[in-house]
Amino acid sequence: MAPSPKVWRTTEIIQTASHYLSEKGVENARLNAERIIGKVLDIDRVALYLNFDRPLQAAELKEIKSLLARRGNGEPLQYILKKTEFMSLEFVVDSSVLIPRPETELLVETVLEKCRGKFAGQRISILDIGTGSGCIAISLAHYLPECHVTAVDVSASALATAQVNAQQLQADTRVAFAKLDILSSTITESFQERFDVIVSNPPYVSKDEYLNLPLEVKNFEPVIALCDQGDGLLYYRRLAATVPDSLTSNGMLAVEIGAAQASAVQGILAAVFQRVECLQDLNGLDRVIVAEDVHANFEHRLQCGC
Ligand code: GLN
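As a starting point, this report considers the structure included with it. (Residues numbered from 1 in each chain as written. Predicted model: local features only at pLDDT ≥ 70, side-chain atom pairs only at ≥ 80, totals over all residues. Heavy atoms only, no water.)

### Some words on the overall build of the protein chain
Thought 1: The secondary structure content of the protein chain amounts to 15 helices and nine strands.
Thought 2: For the protein chain, the C-alpha atoms occupy an extent of roughly 90 × 40 × 35 Å along the three principal directions.
Thought 3: Out of the 306 residues in the protein chain, the part that is buried amounts to 48%.
Thought 4: Within the protein chain, contacts between residues separated by at least 24 positions form 64% of all contacts whose residues are at least 6 apart in sequence.
Thought 5: When the accessible surface of the protein chain is split by element, carbon and sulfur atoms take 51% of a total near 15000 Å². (Helix = DSSP H or I, 4+ residues; strand = E, 2+ residues; numbered from the N terminus. Buried < 20%, exposed > 50% of the residue type's maximum accessible area, 1.4 Å probe, protein only. Contact = heavy atoms within 4.5 Å. Areas by Shrake-Rupley, 256 points an atom, 1.4 Å probe, with all protein chains shown as cover.)

### Concerning helix α14 (residues 262-270)
Thought 1: Listed in full, the buried residues belonging to α14 are A262, V265, I268 and L269. One side of α14 carries all its buried residues, which in axial view fall inside an arc of 135°.
Thought 2: Residues of α14 that are buried in the fold lie against α13 (234-242), β7 (247-256), β8 (273-280) and β9 (286-294). (Arc of directions from axis to C-beta.)

### A look at the packing of aromatic side chains
Thought 1: Within this structure, the stated rule accounts for two aromatic pairs.
Thought 2: Judged by centre distance (6.0 Å) and plane angle (85°), the rings of F191 and F195 are edge-to-face.
Thought 3: Looking at K6, its charged tip hangs above the ring of W8, at a distance of 4.7 Å from the centre. (Phe/Tyr/Trp six-rings, centres within 6.5 Å; stacked < 30°, edge-to-face > 60°. Lys NZ or Arg CZ within 6 Å of the ring centre and 35° of its normal.)

### A short note on the site of the ligand
Thought 1: Looking at the ligand, the residues that line it are L98, R101, N201, P202, P203, Y204, V205, A225, L226 and E256.
Thought 2: Contacts to the ligand include R101, whose side-chain N or O atom sits 3.1 Å from an oxygen atom.
Thought 3: Within the backbone of P202, an N or O atom sits 2.7 Å from a nitrogen atom of the ligand.
Thought 4: Look at the ligand: alone it shows 300 Å² of surface, and the protein chains cover 87% of it.
Thought 5: Class assignment of the residues belonging to the shell around the ligand gives a composition of seven nonpolar, one polar and two charged. (Near = heavy atom within 4 Å. Polar contact = N/O pair within 3.5 Å; in protein donor to acceptor, adjacent residues only side chain to side chain. Nonpolar A, V, L, I, M, F, W, Y, C, P; charged D, E, K, R; others polar.)

### Side note on the pattern of salt bridges
Thought 1: Counted under the stated rule, the structure contains 14 salt bridges.
Thought 2: One salt bridge connects R70 with E75, and the closest N-O pair in it is separated by 2.8 Å.
Thought 3: Classification of E75 by relative accessible area gives buried; the value is 14%.
Thought 4: With a closest N to O distance of 3.2 Å, R275 and D293 form a salt bridge. Of this pair, R275 sits in strand β8 while D293 is found in strand β9, placing the two residues 18 residues apart along the sequence.
Thought 5: You can call R275 partly exposed: its relative accessible area is 44%.
Thought 6: The exposure class of D293 is partly exposed, given its relative accessible area of 25%.
Thought 7: Residues participating in the shared-partner salt-bridge network are K114, K118, R275, E277, E292 and D293. (Salt bridge = Lys/Arg side-chain N within 4 Å of Asp/Glu carboxyl O.)

### Digging into unusual backbone geometry
Thought 1: Of note, the phi angle at S88 is positive, near 60°, even though the residue is not glycine.
Thought 2: Within the fold, S88 resides in the loop between β1 (83-86) and β2 (89-92).
Thought 3: Of note, the phi angle at D293 is positive, near 60°, even though the residue is not glycine.

### Observations regarding the pairing of strand β4 (residues 147-153)
Thought 1: The element β4 is extensively covered by neighbouring structure, given that six of its seven residues are classed as buried.
Thought 2: Sheet topology note: the strand β3 (residues 124-129)/β4 ladder contains six bridges and is parallel. Each residue of the ladder has a partner; that of D128, found in β4, is A151.
Thought 3: Of the pairings in the sheet, the one linking β4 to strand β5 (residues 175-179) comprises five bridges and is parallel in character. Bridged to D153 within β5 is K179.
Thought 4: Following the backbone out of β4, through helix α8 (residues 156-168) and into the adjacent parallel β5, one traces a crossover that is right-handed. (Pairing = 2+ DSSP bridges. Right-handed = clockwise from strand over helix to strand, strands pointing away.)

### Regarding the packing of helix α6 (residues 104-118) against helix α7 (residues 135-143)
Thought 1: At a minimum axis separation of 10 Å, α6 and α7 run at an interaxial angle of 35°. In this structure, α6 meets α7 at a crossing whose hand is right-handed. Here T104, L107, V108, V111, L112 and R116 of α6 lie close against α7, whose contacting residues are I136, S139, L140 and Y143.
Thought 2: Taken together, the residues that form the contact of α6 with α7 break down as seven nonpolar, two polar and one charged. (Axes fitted to C-alpha atoms, helices over the stretch in contact; angles between N-to-C directions. Left-handed = near helix turned anticlockwise from the far one by under 90°.)

### Topic: the sheet that holds β4
Thought 1: Strand order in this open sheet of seven strands is β5-β4-β3-β6-β7-β9-β8, and the pairing throughout is mixed. Each edge of the open sheet is held by one strand with a lone partner, namely β5 and β8. Put simply, the sheet's adjacent strands are angled 20° from each other on average, direction ignored.
Thought 2: Direction of pairing for β8 relative to β9: antiparallel, over a ladder of seven bridges. From the neighbouring strand, R275 faces β9, where its bridge partner is E292.
Thought 3: Against the sheet, α8 contacts β4 and β5, and its axis sits at roughly 170° relative to β5.

By themselves, these observations are geometric and do not establish any function.
Here it is in structure tokens:
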């Protein structure tokens, strides 16, 4: 009689999977293993341990192995789980969008705080440029019930993912999506309205810095969401040229920046705005720039087209 195949139980597969991932150099190997096994068994971490003796079926084992191999190969856990958390909300992510970073919460929190002060009691219109997963646009809509958000991106597949997120988070009536390449057209060409807030987390990694990013980022996250193929400042220059034309008179621009870009971006925006402020993230790194009050002569230049 052929020996019956080995029966794997939950505790045992957690041990083996953690060992495998740590051998592959994955940080927090045990946590990663638990999340992957939990996804396949459709239970959370607590339930995983309550079911420590549960025998695994062949199909479950096969799927766990295949997801573990992907993680062992460096694919980010968020893409494998197809979800991540941002601003305490759950977002779907896939390879068409950048995985939302915790630092970007500072950009959202800054806009929320500014809006609550500056535009209290008003209906606020917001434009999010390069929305990706929609995490900024949808979080703003979620936490600011009096706002309406327009979210644009150059990538049709990113917009499709963002739309799924808006539906799942019940923000789809207040977030409208549109395809727009900010480098090849101006905002006014697509939208006649002016916005109170224009927000963006553009691709700000330079061509040189991109080469040194970790393989987990380079091999799996969309390069167009990260790198401008130049000095990292291309999108700020473009925003400076096109945003003032589409802001309301006391409107503001808020952007995320790379930690070493504060003075360069402040310089670019100070040519157009009278007030430019930089904020630091939880690691003490320059991360967000807010620009307000367009210079009168710039508005004049726009009006006369010179
Ligand atoms: N913060 C991202 C990183 O970790 C870059 C995001 C961006 O280019 N907008 O590389």
